[in-house]
There are 2 protein chains.
Amino acid sequence: MTLLTIQNASQRSRLSEPTLRYYEEIGLIGPIARDERSGHRRYREQDLDDLQVLACLRAMGVGIEDMRTYQANRAKGRSAAGEQRDILTRHAKRIEQEIATLQVHLRYLEAKAGLWDARDRGDGPGEEAAASRVHVLLDQLEAVLS
Amino acid sequence: MTLLTIQNASQRSRLSEPTLRYYEEIGLIGPIARDERSGHRRYREQDLDDLQVLACLRAMGVGIEDMRTYQANRAKGRSAAGEQRDILTRHAKRIEQEIATLQVHLRYLEAKAGLWDARDRGDGPGEEAAASRVHVLLDQLEAVLS
DNA sequence: GAACAGACCTCAAGCGCTTGAGGTCAAGCA
DNA sequence: TGCTTGACCTCAAGCGCTTGAGGTCTGTTC
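All values reported here derive from a predicted model rather than from experimental measurement.

Notes on the nonpolar core
Counting 66 residues, the largest nonpolar core has Tyr 43 and Leu 51 of chain A together with Tyr 43 and Leu 51 of chain B as the members making the most contacts within it. Setting aside its immediate chain neighbours within four residues, Tyr 43 of chain A contacts Thr 2, Leu 3, Leu 4, Thr 5, Ile 6, Ala 9, Leu 20, Glu 24, Ile 32, Leu 48 and Leu 51 of chain A.

A word on the protein's contact with DNA strand D
Close to DNA strand D lie 17 residues; Arg 21 and Arg 41 of chain A together with Ser 16, Thr 19 and Tyr 23 of chain B are nearest. A share of 88% of the atoms of DNA strand D within 4 Å of the protein falls on sugar and phosphate groups. Measuring from a phosphate oxygen of DNA strand D, one finds a side-chain N or O atom of Arg 34 of chain A at 3.3 Å. The separation between a phosphate oxygen of DNA strand D and a polar side-chain atom of Arg 58 of chain B is 2.9 Å. For the surface near DNA strand D, the secondary-structure elements that each account for two or more residues are helix H1 (6-13) and helix H2 (17-25) of chain A together with helix H2 (17-25) of chain B. Among the elements that line the surface near DNA strand D, the one with the most residues is H2 of chain B, at four residues.

As for the protein's contact with DNA strand C
Ser 16, Thr 19 and Tyr 23 of chain A together with Arg 21 and Arg 41 of chain B are the nearest of the 17 residues found near DNA strand C. Backbone sugar and phosphate groups make up 88% of those atoms of DNA strand C lying within 4 Å of the protein. Note that a phosphate oxygen of DNA strand C is positioned 2.7 Å from one of the side-chain N or O atoms of Ser 16 of chain A. One nitrogen or oxygen atom from the side chain of Tyr 23 of chain A is found 2.9 Å from a phosphate oxygen belonging to DNA strand C. Taken together, the elements giving at least two residues each to the surface near DNA strand C come down to H2 of chain A together with helix H1 (6-13) and H2 of chain B. Among the elements that line the surface near DNA strand C, the one with the most residues is H2 of chain A, at four residues. Residues belonging to the surface near DNA strand C are distributed by class as follows: five nonpolar, six polar and six charged.

Section: H2 of chain B
Residues and elements named next belong to chain B. Looking only at H2, the buried set comprises Thr 19, Leu 20, Tyr 23 and Glu 24. One side of H2 carries all its buried residues, which in axial view fall inside an arc of 140°. Of the exposed residues in H2, the ones pointing more than 90 degrees away from its buried face are Pro 18 and Glu 25. In this structure, the buried side of H2 is in contact with H1, helix H3 (45-59) and helix H4 (64-76). Two residues or fewer past H2, Gly 27 is found with a positive phi of approximately 80°.

Here's the deal with the confidence of the model for chain A
Across chain A, the average pLDDT comes to 81, with 82% of residues at 70 or higher. When the elements of chain A are averaged for pLDDT, helix H6 (residues 127-145) of chain A gives the smallest value, 53, and strand S2 (residues 41-42) of chain A the largest, 96.

Cut-off values and rules
Residues numbered from 1 in each chain as written. Chains lettered and ligands numbered in written order. Predicted model: local features only at pLDDT ≥ 70, side-chain atom pairs only at ≥ 80, totals over all residues. Heavy atoms only, no water. Core = buried A, V, L, I, M, F, W, Y, C linked by side-chain atoms within 4.5 Å. Buried < 20%, exposed > 50% of the residue type's maximum accessible area, 1.4 Å probe, protein only. Contact = heavy atoms within 4.5 Å. Near = heavy atom within 4 Å. Polar contact = N/O pair within 3.5 Å; in protein donor to acceptor, adjacent residues only side chain to side chain. Helix = DSSP H or I, 4+ residues; strand = E, 2+ residues; numbered from the N terminus. Nonpolar A, V, L, I, M, F, W, Y, C, P; charged D, E, K, R; others polar. Arc of directions from axis to C-beta. pLDDT = per-residue confidence, 0-100.

Pasting the structure below:
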């Protein structure tokens, strides 16, 4: 049975070391075994599996409480499959929404950056005031859309 | 000159009341005038313009320090236009990246939700173990991609 | 005139981490 | 043998707000 240091566990799970300690502290993963002399954490392969799952969920913006539920259900197997699916589809919807919003923002940012660019080059008299007015309009548009 | 309560300002800027107080506290917007008797905040149209801009920036994930810079530059007009454009294009890149990542996650979530769905219906003997194995593989894939 | 509702105030704590300070432990080297 | 290095430890504070507690002010109703 291979035991991993927190550094190894961090690399393989792609979670930072403080995050690993944090997840243990709040009980998202069970207490990790310690080295007797040094008191340092030693992770088992089993722990790594758990971390892998948590890392995925986190990457998708799943909140701590949902992670907790998901982990608990994982142990139950088939009987809790429905709830697992619900958690995931709920987040899939959130992400779809988020993508749509970001795409609006992106268009806005590009338009606006273009404006400052024109202003930077200073395209003639009256340009300054006109650009300023367009800025305000764009901001208002964005406020309505967001 | 119309003066607005914090509630009105919140509605029109789409920033929560605590956020308005917070932005004032950290100096993102200048100190807001107060009603003499009650001590309640009274927002001017000028303040609303500032809030509008901040709301846009925030909606796009621009950090506080960049907001501060952006606001300061706004007052300078043409001379700081280059820096304004930089802030915006920098964030545009971030958002593009974010969209790409989210799209990967979305595909992953859908695949995974489908798996739990199959497991829920229980498609026969041996299915349980097989699904479990696929779960682990998917998690690893996601860990690499994210 | 007293009681109530509603909008506002300030202050403190919570979220999910990250960052930093300050200290311990274990191994390698002069 | 003492000294350095590096990986680890714990604890506290910071991020950008949000939420909640507890109190004040103003206006309305009985």
